[in-house]
Each structure stands twice: as structure tokens, then as C-alpha cells.
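Here are the chains, one letter per residue:
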Amino acid sequence: MEKINQKEILALTLQRMYWIETEMEQLVTWEARIELEGEHKEALEILSNDSDKHALILEKWLNVANIELPRSAPRGIPQKGFDFYRTNIFEMFSEIRKYEILARDTYHSITKAEPNVLEETFPDEEQREEFIKDMKHLVAEEEKHKRICDDKIGGFARVL
């Protein structure tokens, strides 16, 4: 991913991640919960609850930076529904895993944003430090989620 070098790009990236956490990750985990009928409930609850927590962290920083919360899918995010009817557990967790990796990599990219962009977005140095700390926390959380999915997928590989 290219280094974030404009305030507007950082703002859009934060809005996209907020949307992914509030809409897409929630949709995919809830759809899996419906189809799995209680199986793997603990893993799916962790993913869903943590996604809510991540959205609250993002909401906080969007508000601090005076960036509008998205009310619809931000530019570049497709409207997507998830239908896991007649889908096996491996395929479900493989789909969830994709979003966990995307989130992890995007949060990592945010931590590497150009210093002047971070300064422009968060003029207070303590806020910048707290923001980066929160983004690094989200990177670690998403890596944990990826491992949860990896455990559920096991040695499964999709045969094309």
C-alpha cells in the first residue's frame, strides 16, 4: 500500500475503515452466525464484539479530526451483501479472514502515514501519539482475528 501522504487520503481511509468495521465485518460475522446456528459462536462473538470496539475507536478519532462519519459506503467501498447459505465453515472463515487481513494492513498503513499528514490532522502531539498507539492496537487485534480464522480454516485450501 502506498504511503498516506495527504490529509484527505487519511480522512478517506479512516472513513473506509469505519465503514468496514461497522457494516461489512458485522454483516459477514452475523451472516456466518445465522448459518452456523450456534456453532463456533465464541469465535464469531469475539470477531463481532471487537469490530464494534474498533468502530468506537475510529469514531473517536474521526470526531477528534472533525471528519464526518460516513452515512453510506465511502468511495471505493462496494455495496456488498453476504450469503453463506449452503457454504461450509472453511469458506465462511476464509471470507471473514480476507477482511481481517485488509483491516490489519490498512491500520498498519495508517501508522506509517507521513508525519506532516498526521500533524495536520492531529495538531496536538499527545493526540498524535495516542492515535498511533490506537492504530497499532488495531493492527494487533486484526492479526489476532486473522489467527482465529486460520484456526477455524485449519489446513483447508480452496481448490479452483
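Residues numbered from 1 in each chain as written. Predicted model: local features only at pLDDT ≥ 70, side-chain atom pairs only at ≥ 80, totals over all residues. Heavy atoms only, no water.

The name an unreviewed UniProt entry gives the protein is Rubrerythrin diiron-binding domain-containing protein, with Methanococcoides cohabitans as the organism.

In this section: the pattern of salt bridges. One pass over the full model with this rule turns up 13 salt bridges. Note that lysine 53 and aspartate 50 form a salt bridge whose closest N and O atoms lie 3.9 Å from each other. On the criterion of helical spacing, the pair formed by lysine 53 and aspartate 50 is a turn pair, its members being three residues apart in helix α2 (residues 41-64). A relative accessible area of 51% means that lysine 53 is categorised as exposed. Between lysine 60 and aspartate 134 there is a salt bridge whose closest N-O contact spans 3.6 Å. Residue lysine 60 is found in helix α2, and its partner aspartate 134 is found in helix α5 (residues 125-153); the two are separated by 74 residues along the sequence. Lysine 60 sits in the partly exposed class, given a relative accessible area of 34%. Linked by salt bridges that have partners in common, Asp50, Lys53, Glu141 and Lys144 make up one network. (Salt bridge = Lys/Arg side-chain N within 4 Å of Asp/Glu carboxyl O. Helix = DSSP H or I, 4+ residues; strand = E, 2+ residues; numbered from the N terminus. Buried < 20%, exposed > 50% of the residue type's maximum accessible area, 1.4 Å probe, protein only.)

Where α2 contacts α5, the two axes come as close as 11 Å, and the packing angle between them is 160°. Viewed along their axes, α2 and α5 adopt a mutual orientation that is roughly antiparallel. The way α2 lies across α5 gives a crossing that is left-handed. (Axes fitted to C-alpha atoms, helices over the stretch in contact; angles between N-to-C directions. Parallel < 35°, antiparallel > 145°, perpendicular 65-115°, else oblique. Left-handed = near helix turned anticlockwise from the far one by under 90°.)

Next up on the list: the side chain of histidine 54. In this fold, histidine 54 is placed in helix α2. Relative accessible area serves as the criterion here: at 1%, histidine 54 is assigned to the buried category. Aside from chain neighbours lying at most four places away, what touches histidine 54 is Glu21, Tyr107, Leu138, Glu141, Glu142 and His145. (Contact = heavy atoms within 4.5 Å.)

By secondary structure assignment, the location of phenylalanine 84 is in the loop between α2 and α3 (89-111). Look at phenylalanine 84 and you get buried, because its relative accessible area is 5%. Sequence-wise, phenylalanine 84 and serine 72 are twelve residues apart; in three dimensions their C-alpha atoms are separated by 23 Å. In this structure, phenylalanine 84 is in contact with Val28, Glu31, Ala32, Glu35, Met92 and Glu95, ignoring residues within four places of it in sequence.

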